[in-house]
Amino acid sequence: MSVLTISLPRDEVIANLGPECWPIRDGSPLLRIDPGAADYTPDGAVIIYPTPGQPGYLWWLIDGVIPPQAAGDITAELAAQIPGSLLELPPPPDENPAPPHIDL
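Throughout this description, residue numbers start from 1 for each chain and increase along the sequence as written. Only residues with pLDDT of at least 70 are given local features in this predicted model, and only at 80 or more are side-chain atom pairs given and counted; all residues enter the totals for whole chains, interfaces and linings. The side-chain values count all of the structure's non-hydrogen atoms but skip hydrogen atoms and water molecules.

**Some details on the sheet that holds strand 6 (residues 85–88)**
Here is step 1: In spatial order, the strands read 5-2-6; together these three strands make up an open sheet with antiparallel pairing. The open sheet has two edge strands with one neighbour each: strand 5 (65–66) and strand 6.
Here is step 2: For strand 2 (residues 30–33) and strand 6, the ladder comprises four bridges, and the chain directions are antiparallel. When the sheet's bridge partners are listed, Ile 33 is paired in strand 6 with Ser 85. Following DSSP output, two strands are said to pair if at least two bridges run between them. Going along the chain from the N terminus, every DSSP run of H or I of four or more residues is numbered as a helix, and every run of E of two or more is numbered as a strand.

Encoded structure:
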């Protein structure tokens, strides 16, 4: 397996992500890329080639983050494939939410 990172202008990445993926929705899992990673770029694309010589999978990268997108789910398995990435999961829903406040 190999991984290739390509730097692209931020506005080009936003145009490719589209309104359903950007801005990131609250409660969405995402991958944050460590700025100290060898191939770090804040905006661009990350291509994962699982099998040498075969087509890979492209993930858009914006502001150092891979948000949810049509390429698939943001998972721990994906994080393991991208060097310097950290999976950020949304907090679990509160099982005992406070009742709404009502002024009487």
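**Some remarks on the nonpolar core**
Here is step 1: Put simply, buried Ala, Val, Leu, Ile, Met, Phe, Trp, Tyr and Cys residues joined by side-chain atoms within 4.5 Å make one nonpolar core. Each residue's exposure class comes from its accessible area (1.4 Å probe, protein chains only) as a fraction of the maximum for that residue type: buried when under 20%, exposed when over 50%, partly exposed otherwise. Listed in full, the 12 residues of the largest apolar core are Leu 31, Ile 33, Ala 37, Val 46, Ile 48, Trp 59, Leu 61, Ile 66, Ile 74, Leu 78, Ala 79 and Ile 82.
Here is step 2: Among the elements of the structure, strand 2, strand 3 (44–49), strand 4 (57–61) and helix 2 (76–81) are those that each provide at least two residues to this core.
Here is step 3: Any two residues having at least one pair of non-hydrogen atoms within 4.5 Å are treated as being in contact. Dropping the residues within four chain positions of it, Ile 48 is found in contact with Met 1, Ser 2, Val 3, Gly 56, Tyr 57, Trp 59, Leu 78, Gln 81 and Ile 82.
Here is step 4: Among the nonpolar cores identified, the runner-up in size contains seven residues, and Val 13, Trp 22, Ala 45 and Trp 60 belong to it.

**Concerning the pattern of salt bridges**
Here is step 1: Salt bridge criterion: a side-chain nitrogen from Lys or Arg within 4 Å of a carboxyl oxygen from Asp or Glu. Under the defined criterion, the tally for this structure stands at two salt bridges.
Here is step 2: With a shortest N-O distance of 2.8 Å, Asp 63 and Arg 10 are connected by a salt bridge. Taken together, the positions of Asp 63 in the loop between strand 4 and strand 5 and Arg 10 in helix 1 (residues 10–17) put the pair 53 residues apart, joining distant regions of the chain.
Here is step 3: You can call Asp 63 partly exposed: its relative accessible area is 39%.
Here is step 4: Note that Arg 32 is salt-bridged to Glu 88, the shortest N-O span being 2.6 Å. In this pair, Arg 32 sits in strand 2 while Glu 88 sits in strand 6, placing the two residues 56 residues apart along the sequence.
Here is step 5: What makes Glu 88 partly exposed here is its relative accessible area of 28%.

**Description of the environment of Ile 6**
Here is step 1: Topologically, Ile 6 is positioned in strand 1 (residues 2–7).
Here is step 2: According to the relative accessible area criterion, Ile 6 is partly exposed, its value standing at 33%.
Here is step 3: If we skip the residues at most four places from it in the chain, Ile 6 touches Thr 41, Asp 43, Gly 44, Ala 45 and Ile 47.

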